[in-house]
Amino acid sequence: MADLLSFAVFFLTLVGIYAVLALALNVQWGLTGLFNIGIAGFFAIGAYSSAILTTPPSAAHLGGFDLPIALGLAAGMVLSGVIALGIGIVTLRLREDYLAIATIGIAEIIRLVLKNEEWLTNGVRGIAGIPRPFEHLVGRGQDVIYLLIVGMAVVVVYLAIERGRQSPWGRVLRAMREREVAVMAAGKDIVRFRLESFVLGAAFMGLAGGLYAHFFSFISPEAFDPMYATFLVWVMLIAGGSGNNRGAILGTLVIWTIWAGTEFLTNLWVPAEYMTRAGSIRVMLVGALLLVILLVRPQGLLPESQFVAATTSRRRRGDGGAAATEEGGPQEP
Amino acid sequence: MSLLEIRGLHGGYGGADILKGIDLRVEDGEIVVIVGPNGAGKSTAMKSVFGLAQVRSGEIRFDGAGITRLRPDRLARLGIGYVPQESNVFPSLTVRENLDMGAFIRRDDISPQIERVFEIFPPLREKRSQRAGALSGGQRQMVAMGRALMLEPRLLLLDEPTAGLSPAFTDLIFEKIVEINRAGVSVLMVEQNARQALGIAHRGYVLALGSNRFEDSGANLLANREVAEMFLGG
Amino acid sequence: MFQEFVQLVAYGIVLGSILSLGAIGLSLLFGILRFAHFAHGDVMTVGAYMALAFVAGLGLPLWAAFGLAIVGGAGLAIVIDQLVYRRLRRTAPVILLIASVGVALILRSLVQFIWGPDTQVFSQELEMPLRIAGIRLKPSQLNIVVGTIVLVVLLHLFLQRTRMGKAMRAMADNPDLARVVGIDTERVVVATWIIGAAFAVSAGIFLGVDTRLQPTMGWHVLLPIFAATILGGIGKPYGAIVGGMVVGIASELSTAAFPSVYKPAVAFALMVAMLIVRPTGLFGTPR
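Residues numbered from 1 in each chain as written. Chains lettered and ligands numbered in written order. Predicted model: local features only at pLDDT ≥ 70, side-chain atom pairs only at ≥ 80, totals over all residues. Heavy atoms only, no water.

(A) Up close: the overall build of chain A. Scanning chain A from N- to C-terminus turns up 13 helices and two strands. Among the 333 residues that make up chain A, the fraction classed as buried is 55%. Once local pairs closer than 6 in sequence are excluded, the contacts in chain A between residues at least 24 apart make up 75%. (Helix = DSSP H or I, 4+ residues; strand = E, 2+ residues; numbered from the N terminus. Buried < 20%, exposed > 50% of the residue type's maximum accessible area, 1.4 Å probe, protein only. Contact = heavy atoms within 4.5 Å.)

(B) Representation of the overall build of chain B within the structure. When helices and strands are tallied, chain B shows ten helices and ten strands. Whereas a compact globule of 234 residues would reach a radius of gyration of roughly 17 Å, chain B reaches 17 Å, a difference of no more than 12%. A separation of at least 24 residues holds for 67% of the contacts in chain B among residues at least 6 apart in sequence. Carbon and sulfur atoms provide 46% of the accessible area of chain B, an area that totals close to 9300 Å². Where the 28 positive side-chain charges of chain B centre and where its 28 negative ones centre are 4 Å apart. (Rg over C-alpha atoms; globule rule 2.2 N^0.38 Å. Areas by Shrake-Rupley, 256 points an atom, 1.4 Å probe, with all protein chains shown as cover. Lys, Arg positive; Asp, Glu negative; His and termini not counted. Charge placed at Lys NZ, Arg CZ, Asp CG, Glu CD.)

(C) The arrangement of the pairing of strand β4 (residues 54-62) of chain B in detail. Residues and elements named next belong to chain B. The pairing of strand β1 (residues 4-12) with β4 spans seven bridges and is antiparallel. Within the sheet, the bridge partner assigned to Glu5 lies in β4 and is Arg61. Pairing geometry for β4 and strand β5 (residues 65-66), over two bridges, is antiparallel. Its bridge partner lying in β5, Arg61 is registered against Gly66. (Pairing = 2+ DSSP bridges.)

(D) Main features of the packing of aromatic side chains. Residue and element names in this part refer to chain A. Tallying each qualifying case throughout the model produces 22 aromatic pairs over all chains. Where Tyr146 meets Phe215, the ring centres are 5.4 Å apart and the plane angle is 25°; that geometry is what we call stacked. Residue Tyr146 is located in helix α6 (residues 140-166), and its partner Phe215 is located in helix α9 (residues 190-216); the two are separated by 69 residues in the primary sequence. Across this residue pair, the class does not change: Tyr146 and Phe215 are buried. Considering the side-chain rings of Tyr212 and Phe216, the 4.8 Å spacing of their centres and the 55° angle between planes classify their relative orientation as tilted. Of this pair, Tyr212 and Phe216 are both found in helix α9, four residues apart, which corresponds to roughly one turn of the helix. On the basis of relative accessibility, which here comes to 13%, the residue Tyr212 falls in the buried class. Among the aromatic side chains, those forming a connected cluster through ring pairs are Phe10, Phe43, Tyr48, Tyr146, Tyr212, Phe215, Phe216 and Phe224. Against the face of Tyr146 rests Arg132, its NZ or CZ located 5.1 Å from the ring centre. Against the face of Trp259 rests Arg282, its NZ or CZ located 4.1 Å from the ring centre. (Phe/Tyr/Trp six-rings, centres within 6.5 Å; stacked < 30°, edge-to-face > 60°. Lys NZ or Arg CZ within 6 Å of the ring centre and 35° of its normal.)

(E) Summary view of the interface of chain C and chain B. If you look at the interface, chain C gives 16 residues, while chain B gives 22 residues. Here chain C and chain B share an interface that buries about 1700 Å² over both sides, 60% of which is from carbon and sulfur atoms. Considering only the side of chain C, the residues that lose the most area to chain B are Arg163, Val180 and Val181 of chain C, jointly responsible for 37% of the buried surface there. Put simply, chain C and chain B have one salt bridge between them. The salt bridge partner of Glu97 of chain B is Arg169 of chain C, with a shortest N-O separation of 3.0 Å. For the pair chain C and chain B, the number of links is five residue pairs in polar contact (both at pLDDT 80 or more). At the level of elements, α6 (163-173) and α7 (175-180) of chain C are the ones that each hand at least two residues to the side of chain C that touches chain B. No other element matches the six residues that α6 of chain C contributes to the side of chain C that touches chain B. (Buried area = accessible area lost by both parts, 1.4 Å probe. Salt bridge = Lys/Arg side-chain N within 4 Å of Asp/Glu carboxyl O. Polar contact = N/O pair within 3.5 Å; in protein donor to acceptor, adjacent residues only side chain to side chain.)

(F) Examining the pattern of salt bridges more closely. Residue and element names in this part refer to chain B. By the definition in use, this model includes 27 salt bridges over all chains. A salt bridge links Asp28 to Arg154; the nearest nitrogen and oxygen atoms lie 3.5 Å apart. With a gap of 126 residues between them, Asp28 in the loop between β2 (19-26) and β3 (31-35) and Arg154 in the loop between α6 (137-149) and β7 (155-159) connect regions that are remote in the sequence. The partly exposed category is assigned to Arg154, whose relative accessible area is 33%. Three or more residues joined by partner-sharing salt bridges are found here, namely Arg25, Glu27, Glu30, Arg203 and Glu215.

(G) Representation of the sheet that holds strand β10 (residues 211-217) of chain B within the structure. Residue and element names in this part refer to chain B. Read from one edge of the open sheet, six strands run β6-β7-β8-β3-β9-β10, paired in mixed fashion. Unpaired on one side and paired on the other, β6 (80-83) and β10 mark the two borders of the sheet. Mean inter-strand twist for the sheet, computed between neighbouring axes without regard to direction, equals 15°. Summarising the sheet, β6 and β7 pair through four bridges and their orientation is parallel. Its bridge partner being in β7, Ile80 is matched across the sheet by Leu155. (Axes fitted to C-alpha atoms, helices over the stretch in contact; angles between N-to-C directions.)

(H) Layout of the sheet that holds β1 of chain B. Taken in spatial order, the four strands make up an open sheet running β2-β1-β4-β5 (chain B), and their pairing is antiparallel. Taken across any chain shown, the strands that pair with only one partner, and hence form the sheet edges, are β2 and β5 of chain B.

(I) Spatial organisation of the interface of chain A and chain C. Contact with chain A, which involves 54 residues of that partner, is made by 54 residues of chain C. Around 4700 Å² of area is buried between chain A and chain C when both sides are counted, 73% of it from carbon and sulfur atoms. For the pair chain A and chain C, the interface holds zero salt bridges. At the boundary of chain A and chain C, one finds four residue pairs in polar contact (both at pLDDT 80 or more). When contributions to the side of chain A that touches chain C are tallied by element, the ones reaching two or more residues are α3 (69-91), α4 (96-116), α10 (226-240), α12 (275-296) and α13 (305-312) of chain A. For the side of chain A that touches chain C, the element with the most residues is α4 of chain A, which contributes 15 residues. Per-class residue counts for the side of chain A that touches chain C are 30 nonpolar, eleven polar and 13 charged. (Nonpolar A, V, L, I, M, F, W, Y, C, P; charged D, E, K, R; others polar.)

(J) Structural detail: the environment of Arg171 of chain A. Residue and element names in this part refer to chain A. When you line up the elements, Arg171 lands in helix α7 (residues 168-178). A residue is classified by how much of its surface remains accessible, and Arg171, at 48% relative accessible area, is partly exposed. In this structure the C-alpha to C-alpha distance between Arg171 and Leu31, which are 140 residues apart in sequence, comes to 9.4 Å. Leave out the neighbours within four places in its chain, and Arg171 touches Arg165 and Gln166.

The structure is reproduced here in structure tokens:
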């Protein structure tokens, strides 16, 4: 019973951390239509920044600042935001594919740096001894407290995004997704709004990274493999319902249950030699799940109607097609 | 029996109807012009004929046969050529290749048709190996029209052929349209240069807000004071 | 000093050939299907492993395996298109992007499932490098460059001389007008997948020959290939060749100053620079 409880606490904490990621992605994708495939990068930046700033001195990596955890988390958020700002300035005025490619690029570069700059990060051996809040509380109490912290973070992020969504800022974002021309005509700077949304989302991803680092007390580049950090979050958001904050949280819960559940089952049933192969099957399963969702119910579990309208009907961006003089375009024959 | 007949056409692009019951006909050998303010449905009417807009209700007949909602390649084979207003050439293909594309659905020798197009538009002959995207607006329009002529259509649909052209090229294009018409091709065109277009037209239609407002001979419409004030800009 | 420079350029041309082949396929798919095909790297991986299966499993010579893998890869691409992408063609291009990421992951994990995560090689034999004009190159590397040239020439002839090739160029230029002139766009799409996959498979096999095979091999060159595509101009297969060479040579030259693990970073930097200066690429038409 006690084991079940601590398992539940562990499980929910991770759901909470991923929920922050999904909510962050929702700001970028659901609210603003930005395609970020580099979530892992911002996640990692948040984690490593906080780790480096809060760990005691070590010969293995940059550290010794011994700063309070809150500061570490904040630094992670800021650094992620700054990197997002850099990428955004270059690519957000271009078509959406370019942002996607740029985010893959930056995530890859971050990964390379984390893996190879051992003076900074201790490379593949990772950084250990990352402090936990309230460390003097031994035992299960500590875990529950951390779960509460993560829970609070989820609530704070959720409320912040909801406020943002209903504010004039959020309304402009929603209008932008549907009628960019009209919004531009009204004098709003499209790129600035996209940039703000992108940076905000990235900052939240950095927060999730920090929470992750302090939860496990140990991080290594492997934990930020695009599979777990980027792809899984996308499936969570799509499954739950893009554009929809509650959908993001629900999707996180559902997909994480499937992911962790299959891991539990494979640990139980699959002999050790076939572990990695079983892992591949789990990835295939989630990939197939994503495709099925896109084909059958792209709006996810909790649809947000405007989002569906904006993305499931053909959008013309005037790239070589005969621009209609009267609002529309040729239909498919 | 008219060459082209449109009856009670309602349609648009999937949202609210832009066309609210249009009637139109083109007799064999005519030049018919559609004029009217922006948003009147002129281009939509033309696109509906060529299967590029949604027809919700109504009928389109070509030479007596129903052609409503047929696919563009079927219409091309039946003898209807279409020149869109914008993006009407393949910019990275040469002039010659653009013309080849016009006859894409044919697999036989098309050099007589190429020759014919060069006769109508002499400047294209010397530019035949140049990329269409590098040409001037007026020359591109010639390529676009030449491309549509490659299948020797009986009816040519032109969507604002002189849009964005200099006065010299505008005059030239209108001249060529008359020349093509004299060779036996009926023309239905949408034009913003209403005055000049009506000047070469046999008949004209004035559309506004998706329905017919006026129909008369080109000369009569030009002389009509009300039409002049409302739509021709005085 | 100069010798080392020339040597790196030579390696750069080999890498550039591989990247060019990948970028050509990607550019064609971009130009005609109008979305960034994120599964392209993993199609390369699948192609390489298919060839491996023919070589290691059936004992076929590499050139035969090459041909069979191209057929297999093209078939796979068509199947994926019909099952997944075709049904999403009417949605926003970003949805297709997401779907292709899903496809990429499925392909990658499928390869890992079947062949395991460890690296493999086409052949255990050691190659003796040749010395040509003072440059050291392995025969296989020479084959890669020659093979690339052959494929590019074939593509050129196809695009310029054949009916389908012209239809593809027309559709990449102006899909609506292509429909107006009666081009059957679905058939062009199928042809594009065949060619795109063929080039991806070739690139994958060459990559496996030049380095080795492992399940993430394609994913790891995806970034340089995207950089090459953007450099050359999206939808411009000839530009992709130049882009591939530039990225390849720059990446190899960078190893004189930086550790070779950072080669993708060089590609990324080039890409960012191009996006700032001229987003439509060297050969793209500014819109």
